[in-house]
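Remarks on the overall topology
What follows is each chain in one-letter form.
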Amino acid sequence: MRIRDLSPADFLARLGGGGVRLAAGPFNCRLQSGIPEIAEELARLYAHHPLIGADEFIDFHVGVRPGQGLRRWLRPQAMFSVDAVEPFTPLPRNQALAMLEWGLNWCITAYSQHLLVIHAACVARGDRAVILPAPPGSGKSTLCAALANRGWRLLSDELTLIRLDTGEVMGLARPVNLKNASIDVIRAYAPEAFLTRPVHDTTKGTVALMAPTEASVLAVGQWARPTWMILPRYRPGSDARLEPMGSGAAFLQIADNAMNYHILGTHGFAAVGRMVDHCRSFNFEYSRLDEAIAIFDRLAREAEGDAP
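From a predicted model like this one, the values you see are computed outputs, not experimental measurements. (Residues numbered from 1 in each chain as written. Predicted model: local features only at pLDDT ≥ 70, side-chain atom pairs only at ≥ 80, totals over all residues. Heavy atoms only, no water.)

1. Some details on the pattern of salt bridges
Side chains that differ in charge, positive against negative, can pair when their charged atoms come close. Scanning all chains against the criterion turns up 18 salt bridges. A salt bridge links arginine 65 to glutamate 86; the nearest nitrogen and oxygen atoms lie 2.6 Å apart. With arginine 65 in strand S3 (residues 60–66) and glutamate 86 in the loop between strand S4 (77–82) and strand S5 (91–92), this residue pair connects regions lying 21 residues apart in the sequence. Relative accessible area serves as the criterion here: at 26%, arginine 65 is assigned to the partly exposed category. Between glutamate 302 and arginine 280 there is a salt bridge, with the nearest N and O atoms lying 3.6 Å from each other. On the criterion of sequence distance, the pair formed by glutamate 302 in helix H10 (residues 289–304) and arginine 280 in strand S16 (residues 280–286) is long-range, its members being 22 residues apart. (Salt bridge = Lys/Arg side-chain N within 4 Å of Asp/Glu carboxyl O. Helix = DSSP H or I, 4+ residues; strand = E, 2+ residues; numbered from the N terminus. Buried < 20%, exposed > 50% of the residue type's maximum accessible area, 1.4 Å probe, protein only.)

2. Some remarks on the packing of aromatic side chains
Counted according to the given criterion, the structure contains 12 aromatic pairs. Both rings, one in phenylalanine 88 and one in tryptophan 106, keep their centres 5.3 Å apart while their planes meet at 80 degrees; by these two values the pair is edge-to-face. A residue pair is termed long-range when its members are at least 10 positions apart, and phenylalanine 88 in the loop between S4 and S5 and tryptophan 106 in helix H3 (residues 96–110) qualify at 18 residues. An aromatic cluster is built from Phe27, Phe60, Phe80, Phe88, Trp106 and Tyr111, whose rings are joined through pairwise contacts. A cation over a ring is seen here: arginine 150 above tyrosine 189, with NZ or CZ 4.0 Å from the ring centre. (Phe/Tyr/Trp six-rings, centres within 6.5 Å; stacked < 30°, edge-to-face > 60°. Lys NZ or Arg CZ within 6 Å of the ring centre and 35° of its normal.)

3. Considering the nonpolar core
Judged by nonpolar contacts, the single largest core of 40 residues is most densely connected at Phe11, Val62 and Leu161. A per-element tally of this core places H3 first, with seven residues. Excluding residues that lie within four positions of it along the chain, valine 62 makes contacts with Arg30, Leu31, Gln32, Phe80, Ser81, Val82, Leu100, Leu104 and Cys107. Judged by nonpolar contacts, the second largest core, of 36 residues, contains Leu132, Ile186, Ala193 and Met210. (Core = buried A, V, L, I, M, F, W, Y, C linked by side-chain atoms within 4.5 Å. Contact = heavy atoms within 4.5 Å.)

4. What to know about helix H5 (residues 181–189)
If you check which residues of H5 are buried, you get Ser182, Ile183, Ile186 and Tyr189. With its buried residues spanning 140 degrees around the axis, H5 presents them on a single face. With respect to the buried face of H5, the exposed residues turned more than 90 degrees away are Ala181, Asp184 and Ala188. For H5, the elements touching its buried residues are helix H4 (140–148), strand S11 (176–179), strand S13 (205–210) and H10. (Arc of directions from axis to C-beta.)

5. Here we look at the sheet that holds strand S2 (residues 27–33)
Here five strands make up an open sheet; going across it, the order is S1-S2-S3-S4-S5 and the pairing mixed. The strands lining the two open edges of the sheet, one partner per strand, are strand S1 (20–24) and S5. The pairing of S3 with S4 spans five bridges and is antiparallel. Following the sheet pairing, valine 62 is matched in S4 by valine 82. Here helix H1 (residues 8–16) sits on the sheet in contact with S1 and S2, set at roughly 90 degrees to S2. (Pairing = 2+ DSSP bridges. Axes fitted to C-alpha atoms, helices over the stretch in contact; angles between N-to-C directions.)

6. Describing the packing of helix H7 (residues 247–257) against helix H9 (residues 266–278)
Between H7 and H9, the shortest axis-to-axis distance is 10 Å and the interhelical angle comes to 135 degrees. As the angle between them shows, H7 and H9 are arranged oblique. Crossing of H7 over H9 shows right-handed handedness. Between H7 and H9, the contacting residues are Ser247, Ala250, Phe251, Ile254 and Ala255 on the first element and Phe269, Val272, Gly273, Met275 and Val276 on the second. (Parallel < 35°, antiparallel > 145°, perpendicular 65-115°, else oblique. Left-handed = near helix turned anticlockwise from the far one by under 90°.)

7. Some words on the sheet that holds S11
Spatial ordering of the open sheet is given by S11-S13-S12, a layout of three strands whose pairing is antiparallel. Of all strands in the sheet, those bounded by a partner on one side alone are S11 and strand S12 (199–202). Neighbour-to-neighbour, the strand axes of the sheet open up by a mean angle of 40 degrees, direction not taken into account. On the sheet, H3 packs against S11, S12 and S13 and is oriented at approximately 75 degrees with respect to S13. Seen against the sheet, H4 touches S11 and S13 and runs at an angle of roughly 125 degrees to S11.

Spelled out as structure tokens, the structure:
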């Protein structure tokens, strides 16, 4: 049974009561909220994710609730909690849905020391993955969202999870975070995708969330091999262009974006080194999504031995 099989009334009742219990890749989550206006969009963002039984272990008990006292009515606020602890300052109530997503990212980062966690997007074609680490404003999430709507499988938008024993990427297939101009770009480029209503004036600017494709969620258990590491950079008016990156620069890019590299020590060093050894690494500049995707598709065909 999946989230989409619940009626809106049932989903809302669970969300405000004992919680919606679902699987997101390797993690089981219980989502709760006393803010009913997020229910409709939350249900659509996770429509294809499987529900789990009451006897299954939960990794993260997370929720957002209304602010207390006057903050329920005067400049209403939302509070994020995990296991009954509130690690963040409140945000405006209209940011509750985004706060839930950001908080869940924080949980995965903080409690996944058995994995190498890289701040990067990741998509796959078959069992080959491309990792896209990049600073904010680089066009990483825009490119990730476009690829996910053109035949590539979404593994993650924000957190790439690497197994320390095999080096494989584990999928999350959770919503994609889009910001500012990229929201309208993806609405036009993939009109069939579901995007939440934009929320303005957050610390990240205007944000909206894009639901993962059904195919990505259904295949989330199919882990992938890191095959390419591509550092994207959006530059208005530029032609799409790949430039090879040396192994030393690639190592530094991955290590700098690995959120627990310093905690893992020698295990982190070995994991990053193995990834660099097995990946073709590039700098990538682009402005037009169709050109960018054509280059990614060409890389996939070359890897499959089908290029002319």
